[in-house]
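An overview of the molecular structure
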Amino acid sequence: MVKVCHVWIGLLFFWHLGFAVHVQMEVEGTPMAGQPIQVLVTLERSPEVEAKHFEIDDHPVQLELLYNTRQSSLSIINGVRKEKNSLISTYRFSIPGKIKGIHTLSPISVEVDGKRYYSNALTYEVETPVFSKDFFIETYVKTHGVIYPGSKVDCIVRIFTKFPCQFLRMDFPLLDPATGFKKVGQERQRTYTREGYTVMEKAQPVRALEPGVYSMGASHIEVIRYRMGSFGEQIQQPPTLLAEAPSFEVTIRPFPEMGKPDFFGGALGDFTIRTELASPTDTFFVGDKIEMKVVIDGSGDFDTVNLALEKLYSGLARHFRFSDIPPSGDMIDRKKVFYIDLRPLSAEVKEIPELAFASFDPEQEKYVISRSDPIPIHVLLENTLEPSLEKGAAELTHPKQEEKTNHKEEIEQMQKAAFQIKVAPASPIALQALNNDRPRWNLLWIIPIGLGVVAFQLALYQAIKKKHAKGKPPSYVYMKRAKRAQSREAFFGFIEKSLVKLAQEKLHDASIISFHQLPPVGSYRELRIFLQELEKNRYQNQKSLSTKKIWQEAKSLYQKIKREK
Amino acid sequence: MNHWKIPVFLFCVCLLPHVHALDLSIENALKEGYAAYEKGLKASQLQEQQRSFQLALKLLQPVANNCVSSHLFLTLGNIYYQLEQYPWAILSYYRALHINPGNRAARQNLKQLLEEQKIIPIDFYPFWSHFFVWQKISSVKQMVMVISYSFLLVFFFASLWLWLKKEWMKKFFFALSIIWIYLASNLIYHQYGAPTEGVVIQPTFMRLGPGDNYAKINTYALSPGSKVIIEEEKREGDWIVIQLPSLGAGYVLQDSIGWI
């Protein structure tokens, strides 16, 4: 009993180890007096369970998830393979600034899988910030004039130092603006020297989104000086130094309303538009796809160039159908090229009208409007072509169509292509056939019923066998078993047992348990010789010995002895 | 008859005309829906075609949601294709194939559509799922039928072996039993083991957590029409967890994913 208890305790211990949840807190950087303190929380748990409801002193805390890391470990102890997967999540939250001194933060708790887990309390020291004239930062937004929605600007942070230092904490909100701007591209970093300072410059390209005045938060950086030791190691030289850059505001100005065209889509620069037909022909049937190439050329920010079709084609919507998803253009030879699919809705369409493209030139502070030339096309209605095919080319008025009627097969193919479903069509379905694909789960009842019937047959078979064996002498039962024996070995065994039992029954001598004890006279002598031969052949493992022949001989001997009085 | 059974019986009798009416409304929706579909196919004007397909969609979509018909989803896929709502067309073809993997037209249309939309179907199932090949090519209905009838064969040989005790019957019984177990395991895997799949309907970003305030996992939005695996058990409000081989797991808004 004690042993069993030990095993259970051991199992519970390992189970506990396998699914342990760990919560840890630490302060990010060195807390400075009067400044918000960033606290990092690390939670390790099994990936299958969720963590929720963080609390400190029974008050809920809002945490920001920074990242998740997965860890796997594999151990083989005494040949037993154990794999442990864990998910380590790192969160951050901030607490208000404190005065100089040592402070304690109560343990944070989290609910994981219905159970609450606690970290240790966190003790940290708040220092008075130390500033140095040899270490400062500079933040600004680099623009080329006024910022309009869509303008691309660089948010820049420069760190000036005159000594080698380790960075302890950096907080540059302008490199990751929350509102008003969107990051475009990777952050760039370069280092250079200026006026005795080593300057590290970080630049994040961003794009202005909506007009408004946006605040770029104050930037902070904490460093600690170091000098190189005798063995090349870095020896830190306190105190921690702090540098700050104040928050500042950036204004995104709205586009001027005066002279703003309806179809202006936000392009910044001075652009011109040109259109041409990309389809190999200019004759189409109603519903055919017409591919049109649109080329935007000029100077400016090509990333802001897009074709807002609903604006460009507002007058065309009743003549053409086109996708409401703006086409994505490609830069080819310093031009932006778009391909647009249009489908004419009627045979009345004679041309793809001009397209007007508007852009805003921030240098000139005015709108630039460019128009393309209309593209003439010929749209044929499917039904109108039938009679013309029969009568020949005479009724087709347009010269291009006349040319086409010379290629009757080609036109027929075009006719078939127009409005023809491209995918395999589906025929109508009847109400009765609606659930034809529904599985007939009832059929599976065959399995338990069949198993029941097999069990019943098995019981029946056993009962019949038992009934047959009842009242029959053992020699007879063994003879029957020999007949049904599955292997040669069993067959020989049952034959021998049957004949020895028969001798027992006939001689009324229960002491006969082997053929060696059979009397060497009459039929018993014959039986003894037969069994001797059988045993000899059996143990010499003579496969050539015919079981059929042995069965016949054994059967005749059995019947002969049975008949004797 | 007990007293409480009388009102129940009367209630059931009253329900009968309603059930019949429901059948009639489905039948009408089917008739009119397919008529509109046919009309759309034969339309000579694009506007007329659009109107017909829209009507067909309006009538057939509710019917498809309440029955199990691969053929009906094929039709819906075709309608969505004609209306150029390609992600929905892809989803409908996948649904048709989910119900009946033997639906050749749906398979052909899906292949054509994926090629047209330049969507590369990615096979991201666990390697052991390839063991259950049969469930990929047979419908559940076919699987149930084959498993049931093949059990009769196993049962027959088990009985023969029991009564006649012939060695070859025993071998036959064991061979059939192994085959039957494989077939049954395919059905069990299909019903309980196979991952839930979905199709991206709208361009969407995968996020680290269930909310817009969580970081994006992917730089570019998931393209509509892509197939994903849905981890149903990890749902949080309107956010569900999906899996992609290249990006791993992440949260997306459930409205942007269509269940297959």
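What comes next is a walk through the structure. (Residues numbered from 1 in each chain as written. Chains lettered and ligands numbered in written order. Predicted model: local features only at pLDDT ≥ 70, side-chain atom pairs only at ≥ 80, totals over all residues. Heavy atoms only, no water.)

**Quick word on the overall build of chain A**
Looking only at helices and strands, one finds 10 helices and 31 strands in chain A. Every one of the 565 residues in chain A was classed for burial, and the buried ones make up 40%. Carbon and sulfur atoms make up 53% of the accessible area of chain A, which totals about 33700 Å². (Helix = DSSP H or I, 4+ residues; strand = E, 2+ residues; numbered from the N terminus. Buried < 20%, exposed > 50% of the residue type's maximum accessible area, 1.4 Å probe, protein only. Areas by Shrake-Rupley, 256 points an atom, 1.4 Å probe, with all protein chains shown as cover.)

**Side note on the packing of aromatic side chains**
Think of a pair of aromatic rings as described by two things: how far the centres are apart, and how the planes are tilted against each other in angle. Counted by the stated rule, this structure contains 31 aromatic pairs over all chains. Ring geometry for Phe 136 of chain A and Tyr 197 of chain A: centres 5.2 Å apart, planes at 80°, overall edge-to-face. Of this pair, Phe 136 of chain A sits in strand 11 (residues 135-142) while Tyr 197 of chain A sits in strand 16 (residues 197-208), and the two are 61 residues apart along the sequence. Judged by its relative accessible area of 32%, Phe 136 of chain A is partly exposed. Note on Phe 132 of chain B and Tyr 189 of chain B: the rings are 4.4 Å apart at their centroids and 10° apart in plane angle, and the pair reads as stacked. With Phe 132 of chain B in the loop between helix 5 (104-116) and helix 6 (134-137) and Tyr 189 of chain B in helix 8 (residues 167-193), the pair connects residues that are 57 residues apart, well separated along the chain. Given a relative accessible area of 12%, Phe 132 of chain B falls into the buried group. Members of the aromatic cluster, joined through ring pairs, are Tyr 148, Phe 255, Phe 264, Phe 360 and Tyr 367 of chain A. Its end group placed over the ring of Tyr 197 of chain A, Lys 162 of chain A keeps NZ or CZ at 4.7 Å from the ring centre. The cationic tip of Arg 225 of chain A hangs over the ring face of Phe 163 of chain A; the distance from NZ or CZ to the ring centre is 4.3 Å. (Phe/Tyr/Trp six-rings, centres within 6.5 Å; stacked < 30°, edge-to-face > 60°. Lys NZ or Arg CZ within 6 Å of the ring centre and 35° of its normal.)

**As for the environment of Pro 353 of chain A**
As for its position among the elements, Pro 353 of chain A is in the loop between strand 27 (351-352) and strand 28 (356-361). On the basis of relative accessible area, Pro 353 of chain A is assigned to the partly exposed category, the value being 24%.

**With respect to the sheet that holds strand 18 (residues 219-228) of chain A**
All names here are of chain A. The strand order across the open sheet formed by three strands is 13-18-19, and the pairing between neighbours is antiparallel. Here the strands that pair on one side only, and so sit at the sheet edges, are strand 13 (165-171) and strand 19 (234-245). Shown here is a sheet whose adjacent strand axes are inclined to one another by a mean of 15°, direction ignored. The pairing of strand 18 with strand 19 spans 10 bridges and is classified as antiparallel. Within strand 19, the residue paired with Val 223 across the bridge is Leu 241. (Pairing = 2+ DSSP bridges. Axes fitted to C-alpha atoms, helices over the stretch in contact; angles between N-to-C directions.)

**Re a nonpolar patch on the surface**
A cluster of nonpolar residues, Phe 456, Leu 460 and Ile 464 of chain A together with Trp 163 and Leu 164 of chain B, forms a patch on the protein surface that exposes about 460 Å² of accessible area. Broken down by element, the nonpolar patch gets its largest block of residues, three residues, from helix 6 (residues 446-469) of chain A. Inspection of the secondary structure puts Ile 464 of chain A in helix 6. (Patch = residues over 30% accessible without salt bridge, like charges linked within 9 Å, V, L, I, M, F, W, Y side chains within 5 Å. Salt bridge = Lys/Arg side-chain N within 4 Å of Asp/Glu carboxyl O.)

**Some remarks on the sheet that holds strand 6 (residues 80-95) of chain A**
Consider a sheet: its strands pair through backbone hydrogen bonds, and that pairing is either parallel or antiparallel. Residues and elements named next belong to chain A. The strand order 1-2-6-5 describes an open sheet built from four strands, whose pairing is antiparallel. Sheet topology places strand 1 (22-27) and strand 5 (64-77) at the edges, where each strand pairs with a single neighbour. In this sheet, adjacent strand axes meet at a mean angle of 20° when their direction is disregarded. Bridging between strand 1 and strand 2 (residues 37-45) involves six bridges; their strand directions are antiparallel. Its bridge partner being in strand 2, Met 25 is matched across the sheet by Val 41.

**Description of the pattern of salt bridges**
All names here are of chain A. Tallied over the entire structure, the rule returns 21 salt bridges over all chains. The shortest N-O distance in the salt bridge between Arg 92 and Glu 28 comes to 3.6 Å. Taken together, the positions of Arg 92 in strand 6 and Glu 28 in the loop between strand 1 and strand 2 put the pair 64 residues apart, joining distant regions of the chain. Residue classification places Arg 92 among the partly exposed residues on the basis of a relative accessible area of 25%.

**Some thoughts on the interface of chain A and chain B**
Frequently, the measure chosen for interface size is the accessible area removed from exposure when the parts meet. Each side of the interface is counted separately: chain A has 47 residues, and chain B has 58 residues. Between chain A and chain B, a total of about 4800 Å² is buried, with carbon and sulfur atoms accounting for 64% of that surface. Summed over the shared surface of chain A and chain B, the number is one salt bridge. Between Arg 343 of chain A and Glu 84 of chain B there is a salt bridge, with the nearest N and O atoms lying 3.1 Å from each other. Summed over the shared surface of chain A and chain B, the result is five residue pairs in polar contact (both at pLDDT 80 or more). Tallying contributions element by element places helix 6 of chain A first for the side of chain A that touches chain B, with 11 residues. (Contact = heavy atoms within 4.5 Å. Buried area = accessible area lost by both parts, 1.4 Å probe. Polar contact = N/O pair within 3.5 Å; in protein donor to acceptor, adjacent residues only side chain to side chain.)

**Re the environment of Leu 443 of chain A**
Mapped onto the elements, Leu 443 of chain A comes out in the loop between helix 5 (408-417) and helix 6. What makes Leu 443 of chain A buried here is its relative accessible area of 17%.

**So, the packing of helix 3 (residues 70-82) of chain B against helix 5 of chain B**
All names here are of chain B. Viewed as axis vectors pointing N to C, helix 3 and helix 5 meet at an angle of 25°, and their least axial separation amounts to 10 Å. It follows that helix 3 is roughly parallel to helix 5 by the angle criterion. For the pair helix 3 and helix 5, the sense of crossing is left-handed. Along the contact surface, helix 3 presents Leu 74, Asn 78 and Tyr 81, while helix 5 presents Ala 105, Ala 106, Asn 109, Gln 112, Leu 113 and Glu 116. Considering only residue class, the contact of helix 3 with helix 5 consists of five nonpolar, three polar and one charged. (Parallel < 35°, antiparallel > 145°, perpendicular 65-115°, else oblique. Left-handed = near helix turned anticlockwise from the far one by under 90°. Nonpolar A, V, L, I, M, F, W, Y, C, P; charged D, E, K, R; others polar.)

**A short note on the nonpolar core**
Where a protein is soluble and globular, its nonpolar side chains tend to be buried together. Core analysis: the biggest nonpolar cluster contains 41 residues, and Leu 30, Leu 72, Ile 79, Ile 90 and Tyr 93 of chain B have the highest contact counts within it. Looking at this core, the elements with two or more residues in it are helix 1 (5-42), helix 2 (46-65), helix 3, helix 4 (86-99) and helix 5 of chain B. The leading source of residues in this core is helix 4 of chain B, at nine residues. If sequence neighbours within four positions are ignored, Leu 30 of chain B has contacts with Ile 429, Ala 430, Leu 431 and Leu 434 of chain A together with Leu 60, Val 63 and Leu 72 of chain B. Counting 26 residues, the second largest nonpolar core, distinct from the first, contains Ile 147, Ile 159, Leu 175 and Tyr 214 of chain A. (Core = buried A, V, L, I, M, F, W, Y, C linked by side-chain atoms within 4.5 Å.)

**Side note on a positive patch on the surface**
Residue and element names in this part refer to chain A. Side chains of Lys 465, Lys 472, Lys 480, Arg 481, Lys 483, Arg 484, Lys 497, Lys 555 and Lys 562 sit close together on the surface and give a patch of like positive charge. Those elements that provide at least two residues to the positive patch are helix 7 (474-484) and helix 10 (547-563). In terms of residue count, the dominant contributor to the positive patch is helix 7 (four residues). (Lys, Arg positive; Asp, Glu negative; His and termini not counted. Charge placed at Lys NZ, Arg CZ, Asp CG, Glu CD.)

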